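# Chain and residue survey
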Amino acid sequence: MKKILCLALFLSLLPLTAYSAIDAYVFPNDEMRNRYNGLIDELRCPQCLNTNLAGSDAMVARDLRREVHRLVVEGKSDDEVREFMLARYGDFILYDPQLKKETLILWFGPLVLLLLALFIAYNVVRKKIKHEMSTEEEARLKKLTESL
Amino acid sequence: MKPTLLIPLVAFLLLVVILAGGFQLKDPHILPTVLINQPFPEFELASLHGEETLTKQDLIGEIALVNVWATWCPNCLVEHPELMRISQKENIPIYGINYNDDPVKARKWLRRYKDPFKKVIVDDKGRLGIDLGVYGAPETFLIDDEGVIQFKHIGIVDRELWTNTLMPLIDQLKRVKMKKADLSSKIDIQS
């Protein structure tokens, strides 16, 4: 019982994605509808700092959803839609940034920091072990135990 | 002193540098624009005044400002006196893009507060706005005489922006243009 309660509490704390936009767009098929939904989910609203196109009520988000719909129905691929947005709004519009010179630090910065942390941790631990095991101390300890 | 003792200090200084970059007093709402040095996008939209259809060709020919505005935008009213001053005193044409707005309201607004624009493009669907990477209003573009976007400003145009940024840029563009004309006339003479 307690476990179930805990689980329920945990689940209630999980963040849910909120969708505020209700646009009545018509799609010729479900594949296009799914791609549209995927795209407005992954593109970022330029006016809002941290909302995707799907979740924003901003005027520009509404216009951009309309453009995504138009491009998808015109038969453009997902990458073509991303390029369209990128050419107009820059890297900001992509929540999933492309790998290029300007975004190298974004992609590999955390990895470098992790390696640095591991390196430091390794050295600290090694020094401690060395310290504990130093032969001088062992000899002293032996001496002390012998003198007892 | 052991060199390892310096590690926290170095780490701290590194952190200071990184955070200074991240927490500069700049508005995170302002996106860097990717349209500098790009040609002004093609369009075919109605004029706010009269029956004519406006295209990119209407904006080309001289150095000009293109101002994205709307009646629902309070900051457009704030910058309006400066646009009036530029249009009257500075000999630089300003074209308006009436962005996501009602043309009837827009005409009324211009009658009430006066019209600083040489021509006003009706972009009631925000299509041209998207091609320009616009995400709000006001936004102002500086284009050269060939219609290439030279500068974009997000937010209010005030005297400070004019004096410190727009005017120097315009002067520079004029100098480059004069040099080019000078050079080509010299080539003409030589040939």
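Computed from a predicted structure; not experimentally measured.

## Here we look at the side chain of B:D123
With respect to the helices and strands, the residue B:D123 is situated in strand β5 (residues 119–123). Buried charge without a partner: B:D123 forms no salt bridge, and the closest opposite charge is A:R66, 6.9 Å away.

## Examining the packing of helix α2 (residues 30–42) of chain A against helix α3 (residues 59–73) of chain A
Residues and elements named next belong to chain A. Following both chains from N to C, one finds α2 and α3 inclined at 145°, their axes separated by 10 Å at the closest point. The chirality of how α2 crosses α3 is right-handed. Two secondary-structure elements touch here, α2 through M32, R35, Y36, L39 and I40 and α3 through R65, V68, H69, V72 and V73. For the contact of α2 with α3, a count of residues per class yields seven nonpolar, one polar and two charged.

## So, the domain arrangement of chain A
You can read the domains of chain A as domain 1 (17–98) and domain 2 (102–147). A C-alpha centroid distance of 49 Å is found between domain 1 of chain A and domain 2 of chain A.

## Things to note about the pairing of strand β3 (residues 64–69) of chain B
All names here are of chain B. Among the six residues in β3, six count as buried, and that is most of the element. With burial as the criterion, each face of β3 is covered, one bearing A64, V66 and V68 and the other bearing L65, N67 and W69. Relative to strand β6 (residues 139–143), β3 runs antiparallel, the two being bridged by five bridges. Its bridge partner lying in β6, V66 is registered against F141. Bridging between β3 and strand β4 (residues 94–99) involves five bridges; their strand directions are parallel. Across the sheet, V66 pairs through a bridge with Y95, a residue of β4. Between β3 and its parallel partner β4, the chain crosses via helix α2 (residues 74–89), and the hand of that crossover is right-handed.

## Overview of the packing of aromatic side chains
Tallying each qualifying case throughout the model produces seven aromatic pairs over all chains. When the ring of B:F40 is compared with that of B:F43, the centres are 6.1 Å apart and the planes differ by 70°; the resulting orientation is edge-to-face. Under the relative-accessibility criterion, B:F43 is labelled buried at 9%. Ring-pair connections join several aromatic residues into one group, and the members of that group are B:W69, B:W109, B:Y113 and B:F117. Here the basic side chain of A:R44 rests over the ring of A:F92, its NZ or CZ set 3.8 Å away from the ring centre. We note A:R88 situated over the ring of A:F84; from NZ or CZ to the ring centre the distance is 3.7 Å.

## Looking at the pattern of salt bridges
According to the stated counting rule, one finds 22 salt bridges over all chains in the structure shown. With a closest N to O distance of 3.7 Å, A:E67 and A:R66 form a salt bridge. Residue A:R66 is classed as partly exposed on the basis of its relative accessible area, which comes to 22%. The salt bridge partner of A:E67 is B:R127, with a shortest N-O separation of 3.3 Å. Linking A:E67 in helix α3 with B:R127 in helix α4 (residues 127–131), this pair reaches from one chain into another. Salt bridges sharing partners connect three or more residues here, namely A:R62, A:D63, A:R66, A:E67, A:R70, A:E74, A:K76 and B:R127.

## A short note on the state of the cysteines
Formally, a disulfide is one covalent bond, and it connects the sulfur atom of one cysteine to the sulfur atom of another. Tallied over the entire structure, the rule returns two disulfides over all chains. The disulfide partner of A:C45 is A:C48, and the S-S distance across this bridge is 2.3 Å. On the sign convention where negative means left-handed, the S-S torsion of about 70° between A:C45 and A:C48 marks this disulfide as right-handed. Assessed through its relative accessible area of 0%, A:C45 is described here as buried. Paired by a disulfide, B:C73 and B:C76 hold their sulfur atoms 2.2 Å apart. Looking along the S-S bond of the B:C73-B:C76 disulfide, the torsion reads about 95°, which is the right-handed sense. Given a relative accessible area of 3%, B:C73 falls into the buried group.

## Re the layout of surface pockets
When its volume is computed, the second largest pocket comes out at roughly 420 Å³. Lining the second largest pocket are 14 residues, and of these A:L113, A:L116, B:A11, B:L14 and B:I18 lie nearest its centre.

## Digging into the interface of chain B and chain A
At the interface, 19 residues of chain B touch 19 residues of chain A. For the pair chain B and chain A, the summed buried surface comes to about 1600 Å²; carbon and sulfur atoms form 59% of the total. Summed over the three residues of chain B that lose the most area to chain A, namely B:L31, B:I130 and B:Y135, the buried surface amounts to 35% of that side. Taken together, the connections running from chain B to chain A amount to two salt bridges. The tally of links from chain B across to chain A stands at seven residue pairs in polar contact (both at pLDDT 80 or more). Here the side of chain B that touches chain A takes four residues from α4(B), the largest share from any one element.

## Concerning a nonpolar patch on the surface
A surface patch of nonpolar side chains, amounting to about 1100 Å² of accessible area, comprises A:L99, A:L104, A:I105, A:L106, A:W107, A:F108, A:L111, A:V112, A:L114, A:L115 and A:L118. Residue position: A:L104 is located in helix α5 (residues 104–133).

Cut-off values and rules
Residues numbered from 1 in each chain as written. Chains lettered and ligands numbered in written order. Predicted model: local features only at pLDDT ≥ 70, side-chain atom pairs only at ≥ 80, totals over all residues. Heavy atoms only, no water. Helix = DSSP H or I, 4+ residues; strand = E, 2+ residues; numbered from the N terminus. Buried < 20%, exposed > 50% of the residue type's maximum accessible area, 1.4 Å probe, protein only. Lys, Arg positive; Asp, Glu negative; His and termini not counted. Salt bridge = Lys/Arg side-chain N within 4 Å of Asp/Glu carboxyl O. Axes fitted to C-alpha atoms, helices over the stretch in contact; angles between N-to-C directions. Left-handed = near helix turned anticlockwise from the far one by under 90°. Contact = heavy atoms within 4.5 Å. Nonpolar A, V, L, I, M, F, W, Y, C, P; charged D, E, K, R; others polar. Domains from an automatic or database assignment. Pairing = 2+ DSSP bridges. Right-handed = clockwise from strand over helix to strand, strands pointing away. Phe/Tyr/Trp six-rings, centres within 6.5 Å; stacked < 30°, edge-to-face > 60°. Lys NZ or Arg CZ within 6 Å of the ring centre and 35° of its normal. Disulfide = S-S within 2.5 Å. 1 Å grid on protein atoms, 1.4 Å probe; cavity = no way out; pocket = protein on both sides within 12 Å on 5 of 7 lines; lining within 4 Å. Points joined across faces, edges and corners; volume = space filled by probe spheres on them. Buried area = accessible area lost by both parts, 1.4 Å probe. Polar contact = N/O pair within 3.5 Å; in protein donor to acceptor, adjacent residues only side chain to side chain. Patch = residues over 30% accessible without salt bridge, like charges linked within 9 Å, V, L, I, M, F, W, Y side chains within 5 Å. Areas by Shrake-Rupley, 256 points an atom, 1.4 Å probe, with all protein chains shown as cover.

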